[in-house]
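Per-entry structural report
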Amino acid sequence: MATRTRLLRELKGKTEEFSLNNVGDDLMIWQAIIQGPSDSPYADGKFTIEFRVPENYPFAPPKARFITRIFHPNVHFDTGDICLDVLKSDWSPAWSLEALCRAIVALLSAPNADSPLNCDAGNMIRAGDMRAYNSMARMYTIEFAQERNLN
Amino acid sequence: MEDFSIIKQQDEILREIEERQPMFTPVQDFSSLEVEYASNPPFQAKIPYLQSKYSGFRRTRGDGNCFYRSFIFSLFEQLIQNKSHLSNPDSPYSQIYSAIKQKVLDSGDILNAAGFLPICYEDFIDMISAKLEMIPTTEISQLEDDFKDKIIADTYVMYTRFIVSAFLRLHADEYSGFVEGYPDIVSFCNSEVDPMNRECEQLQIIAMTEAFQIKAEIEYMDRNDRTETTLMSFPFEYTGPDFKIHMLYRPGHYDILYPNRS
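Residues numbered from 1 in each chain as written. Chains lettered and ligands numbered in written order. Predicted model: local features only at pLDDT ≥ 70, side-chain atom pairs only at ≥ 80, totals over all residues. Heavy atoms only, no water.

Per an unreviewed UniProt entry, chain B carries the name ubiquitinyl hydrolase 1 and comes from Blepharisma stoltei. Listed in UniProt under the heading Catalytic activity (unreviewed entry), the comment for chain B reads: "Thiol-dependent hydrolysis of ester, thioester, amide, peptide and isopeptide bonds formed by the C-terminal Gly of ubiquitin (a 76-residue protein attached to proteins as an intracellular targeting signal)." (UniProt positions renumbered as here; feature names shortened; annotations may be inferred.)

For chain A, an unreviewed UniProt entry supplies the name UBC core domain-containing protein and the organism Blepharisma stoltei. Looking at the Sequence similarities (unreviewed entry) heading of the UniProt record, one finds this comment for chain A: "Belongs to the ubiquitin-conjugating enzyme family."

Here it is in structure tokens:
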């Protein structure tokens, strides 16, 4: 009950910053479309993110994953799972789904190679080979995240 | 992946605590402490002193929320216990009751000023306001029932976390020198105050008692060779009504104390 009230508040209170909505009639599944930040190899890509909201939200975080394939050290290349502290240990009811979208965009600009879910991407950055990382990330952005490829 | 397994392990420890310990026990005498510290002379030696000042204590779950939960529970419990005084403006209970109701009403503006989003805190303020309004017709058993419901209990706790966090964020100049291991107050609050189950250090206790303007007296029980516990009082300067929250601290944990009736 409290979860529903909270999610309805979030639905009513969200801004136009992202295309963020619940899926169909289900308040417990949401999707957002985020824009790749211009200072990153994900620029002009559009990425769909799915949030699965647990019954005890906002005391527990939603499960967030990329639906759009992305090459990033903190995103699992196959499942789209995201490694981000506010989605796990640092989660607080003070966060919202919209604030999470903002944190995920920030993660695209500032990849963290220390706890990689995508080891290839992590290794490139750790080795200082930003050229390799940027071109791989760019290539997958063009292949999977550009307008013409969205269905 | 290592990150995930540590979190999984922490979750399991927490689940075990949740299964074993209630949010609060009934008020009990100190005999269980005697058993617990049978082979721990420095702690054992301080129990008679506690018994001389307090009739008993209420244990709370050791899930990292113990200070926050004990504080808000004890505040409500004392107001409910003294509800017959709430309409007497000379009574400290009535003065605290009015002050707290006003603080909760004002807390939306404070949380907003601290950078929190209304969609995130409004439900918490609404519930606390409603619970405060109901105090004149509430029984202790209803308060105890509230804290058997995890969602309601966590809502009380999270409200106090919001208040502590906002206080520190808005007084960053005064307190930023006291955060260890963090570059600033904001990152400290993000990681140590806002998430549930994060333990409360002295800084959060100062912030809590300052923000609510409620006095907390804490008996510290530790390994020293004295036979008395050490009393500390927060906030350091307090001139408000004669009302106190009493707590027992043992390393890593807070419980509520019940003073002898004088």
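So, next bit.
**Comments concerning the overall build of chain B**
Counting its secondary structure elements, chain B contains 12 helices and five strands. Relative to the 2.2 N^0.38 estimate, which gives 18 Å for 262 residues, the radius of gyration of chain B is 19 Å and therefore close to what a compact globule would have. With respect to the principal axes defined by its C-alpha atoms, chain B has extents near 60 × 50 × 35 Å. In chain B, which comprises 262 residues, the proportion classed as buried is 49%. Total accessible area computed for chain B in this model is approximately 12,500 Å², and 51% of it derives from carbon and sulfur atoms. (Helix = DSSP H or I, 4+ residues; strand = E, 2+ residues; numbered from the N terminus. Rg over C-alpha atoms; globule rule 2.2 N^0.38 Å. Buried < 20%, exposed > 50% of the residue type's maximum accessible area, 1.4 Å probe, protein only. Areas by Shrake-Rupley, 256 points an atom, 1.4 Å probe, with all protein chains shown as cover.)

**Here's the deal with the environment of Ile 152 of chain B**
All names here are of chain B. Tracing the backbone shows Ile 152 in helix H9 (residues 150-170). Sequence-wise, Ile 152 and Met 127 are 25 residues apart; in three dimensions their C-alpha atoms are separated by 8.7 Å. If we skip the residues at most four places from it in the chain, Ile 152 touches Met 127, Lys 131 and Asp 146. (Contact = heavy atoms within 4.5 Å.)

**Focus: helix H11 (residues 185-193) of chain B**
Those residues of H11 of chain B not exposed but buried are Ile 185, Ser 187, Phe 188, Cys 189, Ser 191 and Val 193 of chain B. At the N-terminal boundary of H11 of chain B, the capping side chain belongs to Asp 184 of chain B, with an oxygen 3.3 Å from the backbone nitrogen of Val 186 of chain B. (Polar contact = N/O pair within 3.5 Å; in protein donor to acceptor, adjacent residues only side chain to side chain.)

**Structural notes on the sheet that holds strand E2 (residues 215-220) of chain B**
Residues and elements named next belong to chain B. The sheet built from five strands is open, its strands ordered E1-E5-E4-E2-E3 with mixed pairing. Since the sheet does not close on itself, it has two edges, and those belong to strand E1 (54-58) and strand E3 (230-234), each with one partner. For this sheet, the mean inter-axis angle between neighbouring strands, taken without regard to orientation, is 30°. Relative to strand E5 (residues 253-259), strand E4 (residues 244-250) runs antiparallel, the two sharing four bridges. Among the inter-strand pairings, Leu 248 is bridged to a residue of E5, identified as Asp 255. Docked against the sheet, helix H12 (residues 202-212) engages E2, E3 and E5, running at close to 50° with respect to E3. (Pairing = 2+ DSSP bridges. Axes fitted to C-alpha atoms, helices over the stretch in contact; angles between N-to-C directions.)

**Comments concerning the interface of chain B and chain A**
The interface of chain B with chain A comprises 23 residues on the first partner and 21 residues on the second. For the pairing of chain B and chain A, the buried interface totals around 1,800 Å² over both sides, and the portion due to carbon and sulfur atoms is 66%. Put simply, chain B and chain A have four salt bridges between them. At the junction of chain B with chain A, the criterion picks out eight residue pairs in polar contact (both at pLDDT 80 or more). For the side of chain B that touches chain A, the secondary-structure elements that each account for two or more residues are helix H1 (2-20), helix H7 (118-133), H9 and H11 of chain B. Here the side of chain B that touches chain A takes six residues from H7 of chain B, the largest share from any one element. (Buried area = accessible area lost by both parts, 1.4 Å probe. Salt bridge = Lys/Arg side-chain N within 4 Å of Asp/Glu carboxyl O.)

**Describing the layout of surface pockets**
In this structure, the largest pocket encloses a volume near 1,500 Å³. In this structure, the largest pocket is lined by 44 residues; those nearest its centre are Pro 61, Lys 88 and Ser 89 of chain A together with Ile 7 and Asp 11 of chain B. Secondary-structure elements contributing two or more residues to the lining of the largest pocket are strand E3 (46-52) and strand E4 (63-66) of chain A together with H1 and H9 of chain B. A total of 12 residues in the lining of the largest pocket trace back to one element, the largest contributor, which is H1 of chain B. In terms of residue class, the lining of the largest pocket is made up of 19 nonpolar, nine polar and 16 charged. For the second largest pocket, the calculated volume is near 600 Å³. Forming the walls of the second largest pocket are 18 residues, and the residues nearest its centre are Gln 78, Tyr 93, His 246, Pro 259 and Arg 261 of chain B. Elements represented by at least two residues in the lining of the second largest pocket include exactly helix H5 (66-81), E4 and E5 of chain B. Here the lining of the second largest pocket takes four residues from H5 of chain B, the largest share from any one element. (1 Å grid on protein atoms, 1.4 Å probe; cavity = no way out; pocket = protein on both sides within 12 Å on 5 of 7 lines; lining within 4 Å. Points joined across faces, edges and corners; volume = space filled by probe spheres on them. Nonpolar A, V, L, I, M, F, W, Y, C, P; charged D, E, K, R; others polar.)

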